[in-house]
Number of protein chains: 4
Amino acid sequence: MKTRDKIINTAIQLFNEQGTKAVSTNHIATAIGISPGNLYYHFRNKEDIIRAIFVQMDEYGLEKYQIILNKYQPGSIEAMEQTFIMIQEYNWRYRFFKRELTALIMNDPLLKECFHSTNNQMLDMIRYTIDCGIANGSIKAMNDIEKGSFADAIWLVALFWLNYLEVGGEEVNEYTLRRGNDVLRTVLQPYLTGEILKNSTGTAVLHVFN
Amino acid sequence: MKTRDKIINTAIQLFNEQGTKAVSTNHIATAIGISPGNLYYHFRNKEDIIRAIFVQMDEYGLEKYQIILNKYQPGSIEAMEQTFIMIQEYNWRYRFFKRELTALIMNDPLLKECFHSTNNQMLDMIRYTIDCGIANGSIKAMNDIEKGSFADAIWLVALFWLNYLEVGGEEVNEYTLRRGNDVLRTVLQPYLTGEILKNSTGTAVLHVFN
Amino acid sequence: MKTRDKIINTAIQLFNEQGTKAVSTNHIATAIGISPGNLYYHFRNKEDIIRAIFVQMDEYGLEKYQIILNKYQPGSIEAMEQTFIMIQEYNWRYRFFKRELTALIMNDPLLKECFHSTNNQMLDMIRYTIDCGIANGSIKAMNDIEKGSFADAIWLVALFWLNYLEVGGEEVNEYTLRRGNDVLRTVLQPYLTGEILKNSTGTAVLHVFN
Amino acid sequence: MKTRDKIINTAIQLFNEQGTKAVSTNHIATAIGISPGNLYYHFRNKEDIIRAIFVQMDEYGLEKYQIILNKYQPGSIEAMEQTFIMIQEYNWRYRFFKRELTALIMNDPLLKECFHSTNNQMLDMIRYTIDCGIANGSIKAMNDIEKGSFADAIWLVALFWLNYLEVGGEEVNEYTLRRGNDVLRTVLQPYLTGEILKNSTGTAVLHVFN
DNA sequence: CATGAATGAGGGTTCATTCAT
DNA sequence: GATGAATGAACCCTCATTCAT
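Criteria and thresholds
Residues numbered from 1 in each chain as written. Chains lettered and ligands numbered in written order. Predicted model: local features only at pLDDT ≥ 70, side-chain atom pairs only at ≥ 80, totals over all residues. Heavy atoms only, no water. Near = heavy atom within 4 Å. Polar contact = N/O pair within 3.5 Å; in protein donor to acceptor, adjacent residues only side chain to side chain. Least-squares fit on C-alpha atoms with pLDDT ≥ 70 in both. Contact = heavy atoms within 4.5 Å. Buried area = accessible area lost by both parts, 1.4 Å probe. Salt bridge = Lys/Arg side-chain N within 4 Å of Asp/Glu carboxyl O. Helix = DSSP H or I, 4+ residues; strand = E, 2+ residues; numbered from the N terminus. Expected span 1.5 Å × (residues − 1). Domains from an automatic or database assignment. Nonpolar A, V, L, I, M, F, W, Y, C, P; charged D, E, K, R; others polar. pLDDT = per-residue confidence, 0-100. Phe/Tyr/Trp six-rings, centres within 6.5 Å; stacked < 30°, edge-to-face > 60°. Buried < 20%, exposed > 50% of the residue type's maximum accessible area, 1.4 Å probe, protein only. Lys NZ or Arg CZ within 6 Å of the ring centre and 35° of its normal. Axes fitted to C-alpha atoms, helices over the stretch in contact; angles between N-to-C directions. Left-handed = near helix turned anticlockwise from the far one by under 90°.

A. The arrangement of the protein's contact with DNA strand F in detail. The immediate surroundings of DNA strand F are formed by 33 residues, with Thr25 of chain A, Tyr41 of chain B, Gly37 of chain C together with Ser24 and Tyr40 of chain D found nearest. Looking at DNA strand F alone, sugar and phosphate atoms form 63% of those within 4 Å of the protein. Between a phosphate oxygen of DNA strand F and a main-chain N or O atom of Thr25 of chain A, the distance comes to 2.7 Å. The separation between a sugar or linking oxygen of DNA strand F and a polar side-chain atom of Asn38 of chain C is 3.2 Å.

B. Representation of the relation of the copies chain C and chain D. Rotating chain C by 179 degrees and moving it 0.1 Å along the rotation axis overlays it on chain D with an RMSD of 0.2 Å. Taken together, the turn and the small shift mark the pair as related by a two-fold rotation axis. Identified as the residue of chain C closest to the rotation axis by C-alpha distance is Val187 of chain C, at 2.8 Å.

C. Examining the interface of chain C and chain D more closely. At the junction of the two partners, chain C supplies 34 residues and chain D supplies 35 residues. In total, chain C and chain D occlude about 3100 Å² of area from one another, counting both sides; carbon and sulfur atoms represent 68% of this. For the chain C face of the interface with chain D, the top three residues by lost area are Leu156, Tyr164 and Val167 of chain C, together amounting to 22%. Its salt-bridge partner being Asp152 of chain C, residue Arg179 of chain D comes within 2.9 Å of it at the nearest N-O pair. For the interface between chain C and chain D, the tally reads ten residue pairs in polar contact (both at pLDDT 80 or more). Listing elements by their share of the side of chain C that touches chain D, those giving two or more residues are helix H1 (3-18), helix H7 (101-107), helix H8 (109-135), helix H9 (144-167) and helix H10 (174-188) of chain C.

D. Local environment of helix H1 (residues 3-18) of chain D. With 16 residues, H1 of chain D ought to run about 22 Å at 1.5 Å a step, and its terminal C-alpha atoms sit 22 Å apart, in line with that. In this structure, the buried side of H1 of chain D is in contact with H7 of chain C together with helix H2 (25-32), helix H3 (36-42), helix H4 (46-71), helix H5 (77-93) and helix H6 (95-99) of chain D. Following H1 of chain D by one or two positions, Gly19 of chain D adopts a phi angle in the positive range, close to 90 degrees.

E. Representation of the domain arrangement of chain A within the structure. All names here are of chain A. Annotation of chain A at the domain level lists domain 1 (1-43) and domain 2 (46-206). Centre-to-centre, using C-alpha coordinates, domain 1 lies 28 Å away from domain 2. Taken together, the 18 residues of domain 1 in the interface contact 16 residues of domain 2. Between domain 1 and domain 2 lies a buried interface of about 1300 Å² when both sides are counted; carbon and sulfur atoms form 62% of it. Counting across the interface, domain 1 meets domain 2 through zero salt bridges. Linking domain 1 with domain 2 are seven residue pairs in polar contact (both at pLDDT 80 or more), by the criterion used here. For the side of domain 1 that touches domain 2, the elements supplying multiple residues, two or more each, are helix H1 (3-18), helix H2 (25-32) and helix H3 (36-42). Top contributing element to the side of domain 1 that touches domain 2 by residue count: H1, with eight residues. For the side of domain 1 that touches domain 2, the residue count by class is ten nonpolar, six polar and two charged.

F. Structural context of the side chain of Asn163 of chain C. Looking at the secondary structure, you find Asn163 of chain C in helix H9. Residues contacting Asn163 of chain C, with those up to four places away along its chain left out, are Lys98 and Arg99 of chain C together with Phe160 of chain D.

G. Expanded view of the protein's contact with DNA strand E. The immediate surroundings of DNA strand E are formed by 33 residues, with Gly37 of chain A, Ser24 and Tyr40 of chain B, Thr25 of chain C together with Tyr41 of chain D found nearest. The separation between a sugar or linking oxygen of DNA strand E and a polar side-chain atom of Asn38 of chain A is 3.2 Å. Here Ser24 of chain B contributes a side-chain N or O atom positioned 3.5 Å from a phosphate oxygen of DNA strand E. Examining the composition of the surface near DNA strand E, we find that five residues originate from one element, H3 of chain A, more than from any other.

H. Summary view of the relation of the copies chain A and chain B. Each copy superposes on the other: chain A lies on chain B with an RMSD of 0.2 Å after a rotation of 179 degrees and an axial shift of 0.1 Å. Most of the interface of chain A is mirrored in chain B, where 100% of its interface residues again form contacts.

I. Spatial organisation of the arrangement of the chains. A gap remains between chain A and chain C, which never touch, and the nearest two C-alpha atoms on either side lie 29 Å apart. For chain A and chain D, which are not in contact, the least C-alpha distance works out to 11 Å.

J. Highlighting the interface of chain A and chain B. Each partner contributes to the interface: chain A provides 34 residues, whereas chain B provides 35 residues. Both sides of the chain A and chain B interface together cover about 3200 Å² of buried area, and 68% of this is carbon and sulfur. It is Leu156, Tyr164 and Val167 of chain A in chain A that bury the most area against chain B; as a group they hold 22% of the surface buried on that side. On the surface where chain A and chain B come into contact, there are two salt bridges. For the interface between chain A and chain B, the tally reads ten residue pairs in polar contact (both at pLDDT 80 or more). For the side of chain A that touches chain B, the secondary-structure elements that each account for two or more residues are H1, helix H7 (101-107), helix H8 (109-135), helix H9 (144-167) and helix H10 (174-188) of chain A. At 14 residues, H9 of chain A tops the list of elements feeding residues into the side of chain A that touches chain B.

K. Layout of the confidence of the model for chain A. All names here are of chain A. Confidence in the prediction for chain A averages 88 pLDDT; 92% of positions are at 70 or higher. Averaged pLDDT values over the elements of chain A bottom out at 36 in helix H11 (residues 203-206) and peak at 97 in H3. pLDDT under 50 marks residues 196-210. Its contacts with residues more than four places away, or in other chains, come to 26 contacts.

L. Region of the structure containing the packing of aromatic side chains. Counted according to the given criterion, the structure contains 42 aromatic pairs over all chains. Ring geometry for Phe150 of chain B and Tyr191 of chain B: centres 4.7 Å apart, planes at 45 degrees, overall tilted. Taken together, the residues span a long stretch of sequence, with Phe150 of chain B in helix H9 (residues 144-167) and Tyr191 of chain B in the loop between helix H10 (174-188) and helix H11 (203-206) at a distance of 41 residues. Here the two residues Phe150 of chain B and Tyr191 of chain B agree in accessibility, since each one is buried. Among the aromatic residues, those joined into a ring-pair cluster are Phe15, Phe54, Phe96, Phe97 and Phe115 of chain A. It is Arg95 of chain C that lies over the ring of Trp92 of chain C; its NZ or CZ is 3.9 Å from the centre.

M. Highlighting the packing of H1 of chain D against H2 of chain D. Residue and element names in this part refer to chain D. Between H1 and H2, the least distance of the axes is 9 Å, while the angle of their chain directions is 115 degrees. The element H1 and its partner H2 pack so that their crossing is right-handed. Within the contact between the two elements, H1 uses Lys6, Ile7, Thr10, Ala11, Leu14 and Phe15 and H2 uses His27, Ile28, Ala31 and Ile32. Its residues assigned to classes, the contact of H1 with H2 comprises seven nonpolar, two polar and one charged.

Rendered as C-alpha cells:
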C-alpha cells in the first residue's frame, strides 16, 4: 500500500479509537512506522488528512450506493433497507467523523462546505426516492411539507442511529443495528401503501461488521 | 454572581462557541477576569467543570420537566409537544455537550455513568408516557417490540434534531425548531387514535431562544 | 494543643511521609483543618516552619541527652549505647530532615548555620566522651589524629545508620536498629581496654518506635 | 557531543548544584541552549532523565571498579583503599543522587529496584573481599555475624563519607577525602592481621577532583 | 520519498503567599 | 486568631509543524 493510503487508513483507525484531538500526527506516523517529516510530505497538515479522509468517505459512500441502485429498484422497500444498512456500516467505518462532526466543521470552513454539499445530495436522493415511491404506488401520496418532514425523519434516523446507540451506552452489533432498522420501519411503515415490510434478517449486516 | 457560577456559565458559553478542546482553562479564567489559580481553587480540573455543568444540566432539565408535568396531562399530545420544545431548548443551551458527547464520555467514566443514568430515565419516561397514552386511548395499542421502536424513534428525534440542523448547516431558530416539531409529528401521528395534532404555533419556542 | 504546635507536628508527620517538596503549606493547613491564611499568621513562610521544626529537634535532642547524662557515667559504654539508641530514635522522628538535609541547607543559609552549630556541638561531645573514656581507662590511649578519626567514625555511624537502612531498602525496626548497634560496636570494641561490650538487649529501642 | 548526552551532563551538573527539585526541565534546556520540546524528544519526562543518569552511574562505577580489580589483588589493602577513593570520586561526581536518594527512590519505583540491585551487588563484593582477605590471611577470622557488621561498617563509611562532609559544612577536597580514608582505616585496621596500613598519600585522589 | 532532530507556543495544573473580612 | 478567595509565576509536558540531510 502507498504511504499516503497508509496514513489515511491508520488515521481513520486511531481517530475512531481515540478521537481526533487525542491522536497527534506523530502518533499516526509512529503507528505506521514512518517519520513525522514523511507524513508532512504527503499532507500539508492535520486538517488536510481529515479532508482526505472525507474525500475517501464520499467516494466510498457513492460507490456503495451505486451498487445498491444497480441491484434494487429505486424507491422500493428493499432499496431503502439496503441503503439504511449501508449507511450504518458507513457511519461505523468513519464513526469518529460523525461523533466530532460539529467541531471538525467549526474549525475547517472548507470541510464544512464539502460536507454540506454531500449531505444535501443525500437528502435530495431521499426525496427523489420518496417521489419514485409515490409514483410507483408503494408510498402514499403527500404534500410537499409532509414530504419534507418525512424525508427529514428518515434521514435523521439513518444519520444518527449509531450515535443514538453510542450515547445510550449500547454496543454496535448485529442486533442493535437490526433494531435501528426496526426504528426506521416504525417511521416508514405507516406511509407505505400496503405491502408489509418483511422483518429484517440482518444477514446483510452480519458479515459487514467484523 | 459567585465566582463558581461565573466559571460554569462562562465555560458553557465558550464551550458552545468553540468546543471543549479549543477552550483552555486559562481562556475561561481570562474571559471572566480571574487568575488561572482561582479557577483551580473552585474546580479540581477541567473535567470537574464539565461534570459540574452536567449536574446543572440535570437539575435544569428535571425542573423544566416538572413544570410541564404540572401543567399538562402526562401522555397527552400537548405534554409531548411541550416536552419536545423543552428538550430542544435544553439541547441548545448546552449544545456543546451533545455535540461532543461521545468524546466527553470516552474520557470520563464518571460522566459516562451519570449521563447513562439520566438518559435511561428519559427513555423510561417516554415509555411510561406511551403507556399512559395507550391507557387513555389517545395512542393505538401496540406490542412491546413495537413500543420499544416507537420510543426509540421519538427519543432519537428529540435528542438529535438540533444536531441534525447543525450538521445540515441550518440555523437554530423558531422556524427550524418548528420543523423539528413537524418531524416529530410525522413519526407520532400515525400511531395516534384519532385526534389530529394541531400545528405547532411555535410561540413557546419563540421567546426562549434569544 | 496550640495551633502553632499543631502546624509543627503535622508538618513533621507529612514531611516524613512525603518529603518537603511534595507537601504544600495548603496540605498542612488542610490536614489540621485550619485555613491557609491562619497558617501564615503563625509562620512567615514554609522555610519558617522548617526552622521551627529544627528548633524543636534541637531542644528535643538536648533534653534526651541530658537524661542519659544524668543516668550514665559519661564515657561509659552504657552512655554510648544509650546515646546511639537515642540518636536513632531522633533520626527516625525527624527522618525527613536528614533525608533532605543538603537540599534544605542549600536553600536556607540560616538553617545551615543553625545545623552546623548543633552538629559541631555533638562532635565536641563525642570527643569529650572519648577523652573521658581514656581518662577513666575504658578507652585505649590514642593521639589527636587517631582521636579525630575515631570520633568521625562513631559520629558517621550514628548519623547515617538510618539512611543506610533506607538506602538499602530495609525497614526501620527493632531488629535493624539493633544491627546498627552491632555496627557501632564493631567500630568501638577494638579501641576499648578490656571490658567486653554486652550484647544489646534491644529493649530500650523496642518501646520507643511505635 | 550528542544532544542526549548534553542533557544528561547538564542535568547532572545542575542537579549537583541546586538539587533535582530546584532544577526544572526548562532550566536544563535553557542551560544547553535547546528548546523545551527538544528535551522531551530525547526523554519522556524528568524521571526518565534521572534514570538515564543512574544507568550512566552504574556503567561508570562498574568500569572504574574493573580497572581497580585488574590492577590490585582483590582483598588486598591496596584494592580496598583504591576502591574507597574511587567510590568517593563517584559519589562526588553524582553527589545529588546520594543526597536525594530516599526522595528519588520514593517517587520512582523503577529507580528503587535498580538502585537496590546495584547496592546489593556492592555489598556482596565487599563481603567477598572480606572472605578473600580472611582466606589469604590479611584479615582476622570472624564469624558470620561479625562479618556482616564489619561489611556494613565499611560500606557505611564508603557510602556516606561525602554526605558526612557536606552535612558538617566541610568542603570536599584532597584533604577531607584523605580524612575519609583515615576513618575507613580506623575501622579496618583492628581487623587486619599484621601489616600496618601505610598512610594514604592522597595522590590518586588529587588529580581526580578538578 | 524519507528521516528525525528541533522548535516554541501553549496546555493543564500547582503552590507559596496575600489580604480583605 | 482565623477565614478563604484570590494571585501569578512557574512547572511539566504535548504537539503541529519545519528543515537540513
